Amino acid sequence: MAVLLFVGAIGGSSQVLACPECGCHDVEESTNAAHEHDNSAAHSHAPAGAGAGIPPSYTRFDVPVVAPEGTTRFVVVGDTQGLSKVNQLVTDMNHYTPEFFITAGDLVSTGSVGAWEQWKSLTDHFVGGETNRYAVPGNHDLPVGGDVQWQQTFDWLPDSQTVGGKKGIDQMDYYFDRGNSRFISVTTDSQAHGAGGLPAALDWFNNVLAMPSTQAMDHVFVISHHPVTYSNETGTSTSGAWWESMASSGIVDAVFTGHWHLYQPSQPDPTSPTWELVLGTGGGSLEGHPWQAQHGYTLIDVNGPRVESTFFGDADGDGMYNDIMDQQVIVDSTPAPNGLVAYYGFNYGNATNVDSAPTELAKQNNGAFRNGAETVAGGVLANALSVDGANDYAHGGSIGDYNMAILTDLTLSLHANFDSLATGTEANTLLAYSGRIPVIGFGGVYGPQESTNHPYHLSLTSDKRLRLMWEHDNAEQVVLTSTATANVDAGEWHHYMVTRDADTGEVVFYVDGTQLGATVPFAVSDLPTGGGNGFLHIGNGIDADTGFAGLIDELTIYNEVLLPGEVFIGPPPGDINGDGIVSGNGTGTPDVDDVTAFVNGWFTTGHGTVSEQIAHGDLNLDGITDLADWSILNSFDPSMGAAVLAALRGETVPEPSSWMLLAVGCVAFVSRGLLRFKRS
């Protein structure tokens, strides 16, 4: 049985936020002129490979897409306030023929009958019909609009049912059924009870969850406005009464939340499989990391035991919300797999920090190199990340980076070579998943947020001990340090690894495949919580004086406990065909000859996953295999680079097509120039 909770997006204050990717600013939502990001290839805030692995039924806008037989399909969006996006959002969601759509609060900027009537007019073309528009109020709906005005304006919404002698507010606290799914609306915001905090109708909500008819449902979805992980000060954390009601009911498999103007899925409680997805993407001024700051809507498909979620945004900047930016399975009868979640080998140049994990768990969380961090030769396998310990780092951040916010079983593995070790509590950070940075407006501006907790932070102390830290509840830290010092010195490569076993409550540190000191116990009740707003930092933390000085290579992250001999070390950039062997001179078939595989991919585009891009020679993952990719290959193995040029000149490729002849001419001209430059 699955229980899902929907909540809307941020209110309270308008602010202007700088985009850390480009320096651009989002203007106040109240001006109805929110900044539109340039989504060209040179300025895209969407993750590389977004939309990879999408089922054929979710292509692009050609003809309406009907849900598969037996599927309940609906859409959820939070915070349509400003009303500049909602008409287009409804137009685009209609393409996928949802039965109904849910707005999780903050329908307008300042609640009033007139503003709500405008919202109704802008959404009245919804394909499912006007009365299939469900909503719950948010804090922005309250300033002028009162409870009675809401009830009169949205009079098609159900009255609150009396359950166990308890009743909520009509048109706010209610439930309805579709198929074998139940949808429960419970408001955190009303004129009678104020904005934010726990739902006033919590007793009613608990009674609805306990109803035999609710327990008999295959899926239960809950609609509200404020997130569960909003703030411990309001009691809406995973240790608060609202979350505990759902978790303890035994029927909660997923929670969708909002109130922040961003897209943020997470599983914030290590003791519960329940999801919380922040869906405040409907039109308010955007907040959060650039890859989270997206307008769009989330389409939900319920088919038997399986619930799938697909987020649609405007990745290509054409003004239509028809680009698939993220997908996940919310719940299924088949347990979610364990394994390799992310892999950074630092072998694909300095344009993108490539996550090339080849497993189904991977979300292609490609990031960037910041403040002078770069890849250099001399790694344990081809190139490595070079950081100076000041303010530089590499990050892994994209719209799917929540898959790295691991709260339970964990394995972190990497190779490192330090120049020196600094003193300081969190100095010499090897990697950290964290979110408290000033640009996003979380933490310092809105108070403590459980969503910004650290799921893990691994560092090497000045006395050569490994240190693992994480946070739970209201940023309460758990710090575990190896009981022995490592026999390592500056200028040496070593393999560092740590595991966290959520069942036994044990952390084990390793150096070069050997356990470092004794197993370190911890209280299972102190496992990390929250963390959905973070992203991966490599070579630095989020605070001053936490940087690592030296080289880092072959970083892998797993959501399971492994032994040192079981961790993955990725292929070098010359292994184009992915057979685990770097070989070839252009005379063999592409399945055994990496040069032939590269040449066959020349000037091709449109490959979805990282593995597919690399298999076609697109080593810098910019969407096309061209001279920039040849440069990466050539720097790794000049003989392979020369063989590729020879093949492209036609010396080993018979009867090239006209476009290939043109490409060969261009490459030959540029490459001869490069060769002459090198000889001079």
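In this text, all values refer to a predicted model and were calculated from it rather than measured experimentally.

Description of the overall build of the protein
Move 1: A count of helices and strands for the protein gives eleven helices and 31 strands.
Move 2: Split into buried and exposed, the 680 residues of the protein put 59% on the buried side.
Move 3: For the protein, restricting intrachain contacts to residue pairs at least 6 apart in sequence, the fraction spanning at least 24 positions comes to 66%.
Move 4: Taken as a whole, the protein presents about 23,900 Å² of accessible surface, with 52% of it coming from carbon and sulfur.

Quick word on the sheet that holds strand S14 (residues 306–313)
Backbone-to-backbone hydrogen bonds join strands into a sheet, with any given pair of strands oriented parallel or antiparallel.
Move 1: Read across the sheet, six strands follow the order S6-S5-S4-S13-S14-S15 without closing on themselves; strand pairing throughout is mixed. Two strands lie at the open edges of the sheet, namely strand S6 (133–136) and strand S15 (323–331), each paired on one side alone. Going from strand to strand, the sheet's axes swing by 20° on average, the running direction of each strand aside.
Move 2: Sheet strands touched by helix H1 (residues 86–93): strand S4 (72–77), strand S5 (100–104) and strand S13 (296–303). Its angle to S13, the strand with the most contacts, is close to 30°.

Structural notes on the sheet that holds strand S23 (residues 456–460)
Move 1: Strand order across the open sheet formed by seven strands is S17-S20-S30-S22-S23-S24-S25, with antiparallel pairing between neighbours. Taken across any chain shown, the strands that pair with only one partner, and hence form the sheet edges, are strand S17 (369–370) and strand S25 (476–481).

Looking at helix H6 (residues 241–249)
Move 1: Burial in H6 covers these residues: Trp242, Trp243, Ser245 and Met246. Looking straight down H6, one finds that the buried residues subtend no more than 155° of arc, so they occupy a single side.
Move 2: Backbone geometry just after H6 places Gly250 at a positive phi near 80°.

A closer look at the packing of helix H4 (residues 202–210) against H6
Move 1: Two elements in contact, H4 and H6, have axes whose closest approach is 10 Å; the angle formed by their N-to-C orientations is 10°. If you check the angle between H4 and H6, you find them roughly parallel. Contacts between H4 and H6 involve Leu202, Phe205, Asn206 and Leu209 from the first element and Ala241, Trp242, Ser245, Met246 and Ser249 from the second.
Move 2: Along the lines of polarity and charge, the residues of the contact of H4 with H6 split into six nonpolar, three polar and no charged.

Structural notes on the packing of aromatic side chains
Move 1: A complete count under the given rule lists 26 aromatic pairs for this structure.
Move 2: When the ring of Phe176 is compared with that of Phe183, the centres are 5.0 Å apart and the planes differ by 10°; the resulting orientation is stacked. As far as burial versus exposure is concerned, Phe176 and Phe183 are alike and both buried.
Move 3: A cation over an aromatic ring shows up here: Arg500 above the ring of Trp470, its NZ or CZ 4.8 Å from the ring centre.

So, the confidence of the model for the protein
Move 1: Counting all residues, the mean pLDDT for the protein is 83, and 82% of those residues have values of 70 or more.
Move 2: Low pLDDT, under 50, characterises residues 1–60; the stretch is placed with 195 contacts to residues that sit more than four places away or in other chains.

A short note on the pairing of S25
Move 1: Across six bridges, the pairing between strand S24 (residues 466–472) and S25 is antiparallel. Across the sheet, Trp470 pairs through a bridge with Val478, a residue of S25.
Move 2: Hairpin connection from S24 to S25: three residues lie between these consecutive antiparallel strands, with Asp473 at a positive phi of about 50°.

Notes on the pattern of salt bridges
Move 1: Tallied over the full model, the rule gives eleven salt bridges.
Move 2: Lys167 is the partner of Asp170 in a salt bridge, and the nearest nitrogen-oxygen pair spans 2.9 Å.
Move 3: Judged by relative accessible area, which is 21%, Asp170 ranks as partly exposed.
Move 4: Among the residues examined, Lys167 registers a relative accessible area of 46% and is labelled partly exposed.
Move 5: Its salt-bridge partner being Arg306, residue Glu308 comes within 2.5 Å of it at the nearest N-O pair.
Move 6: Three or more residues are tied together by salt bridges with common partners; here these are Arg306, Glu308 and Asp332.

A look at the pairing of strand S31 (residues 549–558)
Move 1: Here S31 lies mainly inside the structure; ten of its ten residues are buried.
Move 2: Two strands pair when backbone bridges link them, and strand S16 (residues 340–344) and S31 are joined in this way by four bridges, in the antiparallel orientation. Pairing of Tyr344 across the sheet is with Leu555, part of S31.
Move 3: By the bridge criterion, eight bridges tie strand S21 (residues 410–420) to S31 in an arrangement that is antiparallel. Pairing of Ser420 across the sheet is with Ala549, part of S31.

Some points on the nonpolar core
Move 1: Formed by 54 residues in total, the largest nonpolar core has its most connected members in Phe74, Met93, Ile102, Trp119, Trp150, Tyr297 and Ile300.
Move 2: What Ile102 contacts, discounting residues up to four positions off in sequence, is Phe74, Val75, Val76, Val77, Tyr134, Phe183 and Ile223.
Move 3: Membership of the second largest hydrophobic core comes to 48 residues, among which are Ala342, Met404, Leu466 and Phe548.

Quick notes on the packing of helix H9 (residues 627–636) against helix H10 (residues 638–648)
Move 1: Axis separation between H9 and H10 bottoms out at 5 Å; the angle between their running directions is 140°. One way to sum up the angle between H9 and H10 is to call them oblique. Touching Trp630, Leu633, Asn634 and Phe636 of H9 are Pro638, Met640, Gly641, Ala642, Val644 and Leu645, all from H10.
Move 2: Residue composition of the contact of H9 with H10, by class: eight nonpolar, two polar and no charged.

Describing the environment of Phe346
Move 1: Mapping Phe346 onto the fold places it in the loop between S16 and S17.
Move 2: Expressed as a C-alpha distance, the spacing of Phe346 and Val376, which sit 30 residues apart in the sequence, is 8.6 Å.
Move 3: The residues contacting Phe346, other than those within four sequence positions of it, are Asn353, Phe369, Thr375, Asn383, Ala384, Leu385, Ile538, Ile552, Asp553 and Glu554.

Structural notes on unusual backbone geometry
Move 1: A positive phi angle, close to 50°, is found at Thr97, a residue other than glycine.
Move 2: Along the chain, Thr97 turns up in the loop between H1 and S5.
Move 3: Using a relative accessible area of 25% as the deciding quantity, one classes Thr97 as partly exposed.
Move 4: Backbone geometry at Gln364 places phi at a positive 55°, although glycine is not the residue there.
Move 5: Its location among the elements puts Gln364 in the loop between S16 and S17.

Section: the side chain of Ser190
Move 1: Structurally, the position occupied by Ser190 is in the loop between strand S8 (181–185) and H4.
Move 2: Judged by relative accessible area, Ser190 falls into the buried class, the value being 2%.
Move 3: Not counting residues up to four positions away in its chain, the partners in contact with Ser190 are Leu142, Asp147, Ile169 and Met172.

Overview of the environment of Thr123
Move 1: Summarising the element assignment, Thr123 is placed in helix H2 (residues 113–123).
Move 2: Spatially, the C-alpha atoms of Thr123 and Gln88 are 9.1 Å apart, while their sequence positions differ by 35 residues.
Move 3: Of note is the side chain of Thr123, whose polar atom sits 3.0 Å from the backbone oxygen of Trp119.

Here is what the cut-offs are and how they apply
Residues numbered from 1 in each chain as written. Predicted model: local features only at pLDDT ≥ 70, side-chain atom pairs only at ≥ 80, totals over all residues. Heavy atoms only, no water. Helix = DSSP H or I, 4+ residues; strand = E, 2+ residues; numbered from the N terminus. Buried < 20%, exposed > 50% of the residue type's maximum accessible area, 1.4 Å probe, protein only. Contact = heavy atoms within 4.5 Å. Areas by Shrake-Rupley, 256 points an atom, 1.4 Å probe, with all protein chains shown as cover. Pairing = 2+ DSSP bridges. Axes fitted to C-alpha atoms, helices over the stretch in contact; angles between N-to-C directions. Arc of directions from axis to C-beta. Parallel < 35°, antiparallel > 145°, perpendicular 65-115°, else oblique. Nonpolar A, V, L, I, M, F, W, Y, C, P; charged D, E, K, R; others polar. Phe/Tyr/Trp six-rings, centres within 6.5 Å; stacked < 30°, edge-to-face > 60°. Lys NZ or Arg CZ within 6 Å of the ring centre and 35° of its normal. pLDDT = per-residue confidence, 0-100. Salt bridge = Lys/Arg side-chain N within 4 Å of Asp/Glu carboxyl O. Core = buried A, V, L, I, M, F, W, Y, C linked by side-chain atoms within 4.5 Å. Polar contact = N/O pair within 3.5 Å; in protein donor to acceptor, adjacent residues only side chain to side chain.

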